[in-house]
Amino acid sequence: MSKRGGVENNRAITDRLLTCHQRLYSSLKLGFSSYDDKKRKWRCLDIEMQKHVVHSISAFLGFISADTWQHPLVKDSVADMIKALEGTLQCNSEVVLIIAAKVALKLVRDLPSSMLQSHVLNLIQPFSSLLSSHQLKVASRCANGLNHILTHLVIKEDRVIWEILTETNAVIHIINNIKNSSINMESIKYFQRMASLLGRILWRWPPSRYCVWNDADLLRALEVIRVNPDSSVKVAVFQLYSALALCGNGAERLLENGENLIKMVVQCMDSTQPPPVRIEAFKLAQLLVMSGQRCSKIMRLSCESIVRAIIYGLSGSSLPGRQNAKDQISLVVEAGRLAQITRWAGEHHIYFWKLGIDRVLFTLLLSKSHKAKPPRHSLSFEELSAIASEGPAFIWDILGGLVTHCAEDFNPEMNESDFSINILIGCACWTFVDAIRKSGQICQDDANSISSRSASRAVLLMIYSPCKFMASQARSILSAALKPDGKRYLKSLMDYLHSVSSRDEFGRPDRIFFSIVGLTCYSVLPQYRKYIIQNEGIKMLLAFIKKCLRNDFNLGRLNIATHLQDMFSLRTCYPTCCHTCTEDWDDGGILLLFSLWGLAELIHHSGPMRNCPDLFCGQVEYTEAQLINDLQEICNNTSTPGLRWYAAYLLSYFGVYGFPGRLGKRIGNALGEKENADTQLILKSGESLNVHGVLLLVQCPSLLQTVELPLDKKSSDGSSVRQYTELTKKYKKEVHLSAHVHHLPLVKILEFVYLGYLHAGDDLVKSLKNFAKHCKLQPLLQMLHRKRPRWGIPFPGLDLTRALDFDGLAFSDVVLKAEAAGEMQWACKFCFVLVPHMHVHKVILWSSCDYFRAMYRSGMQESRSLFVKVPISWKALVKLVDWLYSDKLPTLVSGCLFHNMDDREKLQELQPFLELCWLAEQWLLEGIQEHCSRVVNSCLDSSENLSLEVLQICARLSLWKLAEAAVNRLAPSYSRLRLTGEIEKLDKDLADMVRAASVRHSRAGSTK
């Protein structure tokens, strides 16, 4: 401390403060004692003394100013005051608790964060314990103090705090307090404090969410509370709902009464509502539309009203006066985030255009650079530069979504929107051109860089838009923006990509992004495409793609669009849970996606591959066969739809048409096999092909022919009788094809049916197009025509689950029964068998599993039996059949739902995965075995008792790798388990394994 600072601090220490300090310590010393743990604690049972100490602390705090907190006299007193309050807050006197809670709250609010940080755990325990107090003042003040701590302090001991909150049942007490407050709404502040604290806990600790969304009484209470006309109450309810919607199950529970909730949210977005209410309504809506599926559900309830609210929110024109400038900015930002729903297709796009989204976005761009009315004439690139540099990044994300899902014949001239759209396109193109010009200087987190990345992505989506008007305008404006230095910029980015592809390390992600997007945009412009191809741009992209794949270098959308990281609270310090939404089209591999996109565009304009014999010349390390294999692996092993689509699209230029996948790889084993074939396709020439009807049913039903069935037989009492054997007559066993069907195209279509894709030369493609069109195989037809994938549509991989429905029963030739089904109530909708079972198909079983293949070829009695018993439980059998028919790996109940299960329930959830691990080992099902092992491993840390149970099951099933994982989890706790006797649950050999692991763990710890 400087000499001058010390003098000023000494002046601040007044005589009255010194007196209060002396009185404070004269009262404190009566309660301090040292205990067995050698910690100094304050304990006193005398109520009057407790009051005296609390009043002394209050008086002392009353004379402390911001200047005196750092004075040693004050600073050294903090720990003792907190210990005294900690002890006092554990007393039984309600009178004392009321004043102690008040003083503790004042201390928490006044104490500088840096000083409070080290003492925070001393106060969390008593605050949390007193949330159950019947005295509203005590519970309210403790909630306020706890909320202040959680809001303003960076606390690293999250796990410790959660344990305290759990031990004190804090969440349950808060829920009860809120439910009680719904009866008497006189104390609005009380409800607000409880709701705010609960929301804070929900944001920070996902396990807390289950007991909130699972409490029907609480949700009903909130429905009553939210109609209160006080705007602060609505804000509190919306904030609590938003925290709850971080959980997928919580969001679904809120939407169970979705019509009323969405109606209220829309009403609260209205311009007549106070800005804080509107802002929180927008935030809640963002979380509710977190997935495309939920967005569609909500749009069905109130599509036009939500879009209209977004438009008004973006316009921000309803907030008069300068005093509301901050609220206006917040409104625009939150409305802009909600407008990101344009990334999903749907009816809402119609309303966005109808309500003038283009003019609103245009106005937003002008808001900082033009004070006058919007210009009604074409602007120079210098003017566009001034406009674009001020616009928020989300404008380009909204615009990118809009142009992506435009109809082919959409024409904004009909709505007199062409001027504003052209300005938007021009601003985006100028921003993009400026970004590639300066990409070597741009900083990753620079605000202009964030806007430039979003604008560049929007330009890419615009020039490849399915809308002819949008694509034409964007290409024309971009061509003009690139003059006269476009070729120089192109050469620069190609040189950079070439250097990145040829060295070991990657460059800066943002510069790579601009280079890849830039190259892909250049590739659609004829005047630059020729230069790229002539200067080995295709080879350069091949090298970059290979590097991405070999080094597992992936960037997700949020790594590039960092301004979206707050939206939906994804991948932030406040995690979501229990969400099952699929990945976005460009999530998880944006650089690889745009590289594949650019490569496809260049190859498309290079002519047939036979005209490019030198494409792989000199590519010793990356041949055509390796590229095809890599593209198929992307289709097989990647979950990002965009990557899979463009890999499949590229494969079409190498004679591979369709959608490769792991399931097709397995089912392809049955292609050409007569074994278990039940349908014969007969050509006009007399040639015939034996096929499996169930695969035609799912993949190409046009090749099947049906016959009329007689009415159901009637039993003696007049009721309908289901006859399993009669249902197989629904489809003809012999299908006579017309003279237009030829042998080779039919063989290739069957290849697609079994594998999900086919190989064909250019000479066969024309006849395949006609055949695929006749068979209504639209996805295959798209690939045969080499149509560019449309952004956002799901990847049409092979999925045979339809065969498990009623239609598939006609081809079912085997019934699977579980060895253990428990006490299930069972009624089959297909037959009268009273035990749990599934009607399945031999072709799917034996093509995916060596065990079934060997069994059905053995000639033994079981190979001819209609019923097959699988030595696992019913739950495990359902998961196994789902994998056999869809290749979807079984999922475990996760998130807050799993965390709130007791050990018995968790073990019941894990049991099917353990059984599948064992079965997969016996039947050599490698993919499912590895996955189930990972699932079990991921749960071992949740409970020592669960690990003990899992260890015993693994030993019984001889799953020794998993048993070793459970042993290693138990090793650090061996001494405690032995003292408590829990280790005695294990037999001697297993206990010895844990003991040996404990010794190894201790030795490893001592050597560190």
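Calculation rules
Residues numbered from 1 in each chain as written. Predicted model: local features only at pLDDT ≥ 70, side-chain atom pairs only at ≥ 80, totals over all residues. Heavy atoms only, no water. Helix = DSSP H or I, 4+ residues; strand = E, 2+ residues; numbered from the N terminus. Buried < 20%, exposed > 50% of the residue type's maximum accessible area, 1.4 Å probe, protein only. Contact = heavy atoms within 4.5 Å. Areas by Shrake-Rupley, 256 points an atom, 1.4 Å probe, with all protein chains shown as cover. Axes fitted to C-alpha atoms, helices over the stretch in contact; angles between N-to-C directions. Left-handed = near helix turned anticlockwise from the far one by under 90°. Nonpolar A, V, L, I, M, F, W, Y, C, P; charged D, E, K, R; others polar. Polar contact = N/O pair within 3.5 Å; in protein donor to acceptor, adjacent residues only side chain to side chain. Core = buried A, V, L, I, M, F, W, Y, C linked by side-chain atoms within 4.5 Å. Parallel < 35°, antiparallel > 145°, perpendicular 65-115°, else oblique. Phe/Tyr/Trp six-rings, centres within 6.5 Å; stacked < 30°, edge-to-face > 60°. Lys NZ or Arg CZ within 6 Å of the ring centre and 35° of its normal. Pairing = 2+ DSSP bridges. pLDDT = per-residue confidence, 0-100. Expected span 1.5 Å × (residues − 1). Salt bridge = Lys/Arg side-chain N within 4 Å of Asp/Glu carboxyl O. Arc of directions from axis to C-beta.

J.: Explain the overall build of the protein chain to me, using residue names and the numbers behind them.
T.: Scanning the protein chain for helices and strands turns up 50 helices and 10 strands. When the 1008 residues of the protein chain are sorted by exposure, 54% land in the buried category. In the protein chain, the share of contacts with a sequence separation of at least 24, taken over all contacts with a separation of at least 6, comes to 75%. As displayed, the protein chain offers around 46100 Å² of accessible surface, 50% of which is attributable to carbon and sulfur atoms.

J.: Explain the packing of helix α9 (residues 136–152) against helix α12 (residues 188–204) to me, and be specific about the residues and the numbers.
T.: Between α9 and α12, whose axes approach to 9 Å, the crossing angle comes to 35 degrees. Considering only the axes of α9 and α12, their crossing is left-handed. Residues Leu136, Ala139, Ser140, Ala143, Asn144, Leu146, Asn147, Leu150 and Thr151 of α9 form the contact with α12, whose participating residues are Tyr190, Arg193, Met194, Ser196, Leu197, Arg200, Ile201 and Arg204. Residues of the contact of α9 with α12, tallied by class, amount to nine nonpolar, five polar and three charged.

J.: Before we move on, can you summarise the side chain of Ser515 with the specific residues and values?
T.: Among the structural elements, Ser515 can be located in helix α29 (residues 509–522). A residue is classified by how much of its surface remains accessible, and Ser515, at 2% relative accessible area, is buried. Looking at Ser515, its side chain comes within polar contact range of the main-chain oxygen of Arg511, at 2.9 Å.

J.: Give a description of the nonpolar core that names residues and reports values.
T.: Ranked by size, the top nonpolar core spans 344 residues in total, and within it Leu703 and Leu880 carry the most contacts. For this core, the element with the most residues is helix α25 (residues 418–438), which contributes 12 residues. Residues in contact with Leu880, not counting those within four places in the same chain, are Ile872, Leu916, Leu919, Trp923, Leu925 and Ile928.

J.: Describe the packing of helix α19 (residues 292–315) against helix α22 (residues 357–366), and please don't skip the residues or the numbers.
T.: Direction vectors running N to C along α19 and α22 enclose 20 degrees, while the axes themselves pass 9 Å from each other. Judged by the inter-axis angle, α19 sits roughly parallel to α22. The two elements α19 and α22 cross, and the hand of that crossing is left-handed. Across the interface between the two elements, Ile311, Leu314 and Ser315 from α19 touch Ile357, Val360 and Leu364 from α22. Residues belonging to the contact of α19 with α22 are distributed by class as follows: five nonpolar, one polar and no charged.

J.: A description of the environment of Lys102 should follow, citing residues and the corresponding values.
T.: Among the secondary structure elements, Lys102 is positioned in helix α6 (residues 94–110). When its relative accessible area of 51% is taken as the criterion, Lys102 is described as exposed.

J.: Quick one: what's the story with the packing of aromatic side chains, residue by residue and with numbers?
T.: For the coordinates displayed, the defined rule picks out 24 aromatic pairs. With centroids separated by 4.8 Å and ring planes inclined at 40 degrees, the aromatic side chains of Trp353 and Phe410 adopt a geometry described as tilted. One end of the pair, Trp353, is in helix α21 (residues 348–354); the other, Phe410, is in the loop between α24 (394–404) and α25, and 57 residues separate them in sequence. The same class applies to Trp353 as to Phe410, namely buried. Residues Trp597 and Tyr646 carry aromatic rings whose centres are separated by 5.2 Å and whose planes lie at 25 degrees to one another, so their mutual orientation is stacked. Here the residue Trp597 occupies a position in helix α33 (residues 590–604), and Tyr646 occupies one in helix α35 (residues 641–651), the gap between them amounting to 49 residues. Three or more aromatic residues joined by ring pairs make a cluster, and in this case those are Tyr464, Phe513, Phe514, Trp585, Phe594, Trp597, Tyr646, Tyr649, Tyr653 and Trp791. When the ring centre of Tyr496 is taken as origin, the NZ or CZ atom of Arg511, which lies over that ring, is 4.0 Å away.

J.: Explain the pairing of strand β5 (residues 688–691) to me, using residue names and the numbers behind them.
T.: Covered by surrounding structure in β5 are Leu689 and Val691 only, the residues Ser688 and Asn690 on the alternate face being uncovered. When strand β4 (residues 679–682) meets β5, the two strands line up antiparallel, connected through four bridges. Within the sheet, the bridge partner assigned to Leu681 lies in β5 and is Leu689. Counted between consecutive antiparallel strands, the loop separating β4 from β5 contains five residues, among which Gly686 sits at a positive phi close to 100 degrees.

J.: A description of the environment of His839 should follow, citing residues and the corresponding values.
T.: By secondary structure assignment, the location of His839 is in strand β9 (residues 837–840). Along the chain, His839 and Leu866 lie 27 residues apart, while their C-alpha atoms are 9.8 Å from each other.

J.: Give me the lowdown on the confidence of the model for the protein chain, citing residues and values where you can.
T.: Scored by pLDDT, the protein chain has a mean of 86; 87% of the residues are at 70 or more. Long-range and interchain partners of residues 1–9, a stretch whose pLDDT sits below 50, account for six contacts in this model, where long-range means more than four residues apart. This stretch, residues 565–573, has a pLDDT under 50; its non-local contacts, to residues over four places away or in other chains, come to 22 contacts.

J.: Account for the pairing of strand β8 (residues 814–820), with residues named and values stated.
T.: Across four bridges, the pairing between β8 and β9 is antiparallel. When the bridges of β9 are listed, Val815 appears paired with His839. The pairing of β8 with strand β10 (residues 867–873) spans five bridges and is classified as parallel. Its bridge partner lying in β10, Val815 is registered against Phe867.

J.: Help me get a handle on helix α15 (residues 231–244), residues and values and all.
T.: The terminal C-alpha atoms of α15, which comprises 14 residues, lie 20 Å apart, in line with the 20 Å expected from a rise of 1.5 Å per residue. Where α15 is concerned, the buried positions are Val233, Lys234, Val235, Ala236, Val237, Phe238, Leu240, Tyr241, Ser242, Ala243 and Leu244.

J.: Mind laying out the pattern of salt bridges, listing which residues take part and the relevant values?
T.: Opposite charge on two side chains permits pairing when their charged atoms draw close. The full count for this structure, using the stated rule, is 32 salt bridges. In this structure, Asp434 engages Lys438 in a salt bridge whose closest nitrogen and oxygen atoms are separated by 3.0 Å. Here Lys438 and Asp434 lie together in helix α25, a separation of four residues that amounts to about one turn. Residue Asp510 is joined to Arg508 by a salt bridge in which the shortest nitrogen-to-oxygen separation is 3.1 Å. For Asp510, a relative accessible area of 1% puts it in the buried group. Exposure remark for Arg508: the relative accessible area of 35% places this residue in the partly exposed category. Through salt bridges with shared partners, a single network forms among Asp434, Arg437 and Lys438.

J.: If you had to explain the side chain of Ser652 to someone new, which residues and values would you point to?
T.: Residue position: Ser652 is located in the loop between α35 and β3 (656–658). A distance of 2.5 Å separates a polar atom in the side chain of Ser652 from the backbone oxygen of Tyr649. Discounting chain neighbours no more than four positions away, the residues touching Ser652 are Tyr657, Met783 and Arg786.

J.: Which residues make up the sheet that holds β10, and what values go with them?
T.: Taken in spatial order, the three strands line up as β9-β8-β10 in an open sheet, and their pairing is mixed. Edge positions in the open sheet fall to β9 and β10, since each of these has one partner strand only. If you compare each strand with its neighbour and ignore which way they point, the axes differ by 30 degrees on average.

J.: Kindly report on the sheet that holds β4, identifying the contributing residues and their values.
T.: Reading across the sheet, the three strands line up as β5-β4-β6 and stay open at both edges, with mixed pairing between neighbours. Strands at the two margins of the open sheet, each flanked by one partner only, are β5 and β6 (734–736). Here the average twist between neighbouring strands, direction ignored, is 20 degrees. Of the strands in this sheet, β4 and β5 touch helix α38 (residues 743–755), which is tilted by about 5 degrees from β5.

J.: Break down helix α14 (residues 216–225) for me, citing the residues and quoting the values.
T.: When we look at burial in α14, the residues that qualify are Leu218, Leu219, Ala221, Leu222 and Ile225. Each buried residue of α14 lies within a common arc of 160 degrees when the element is viewed along its axis, so the set occupies one face. Next to the buried residues of α14 lie α11 (170–181), α12, α13 (210–213), α15 and α16 (248–254). Where α14 begins, the capping side chain belongs to Asp215, and its oxygen is found 3.1 Å from the backbone nitrogen of Asp217.

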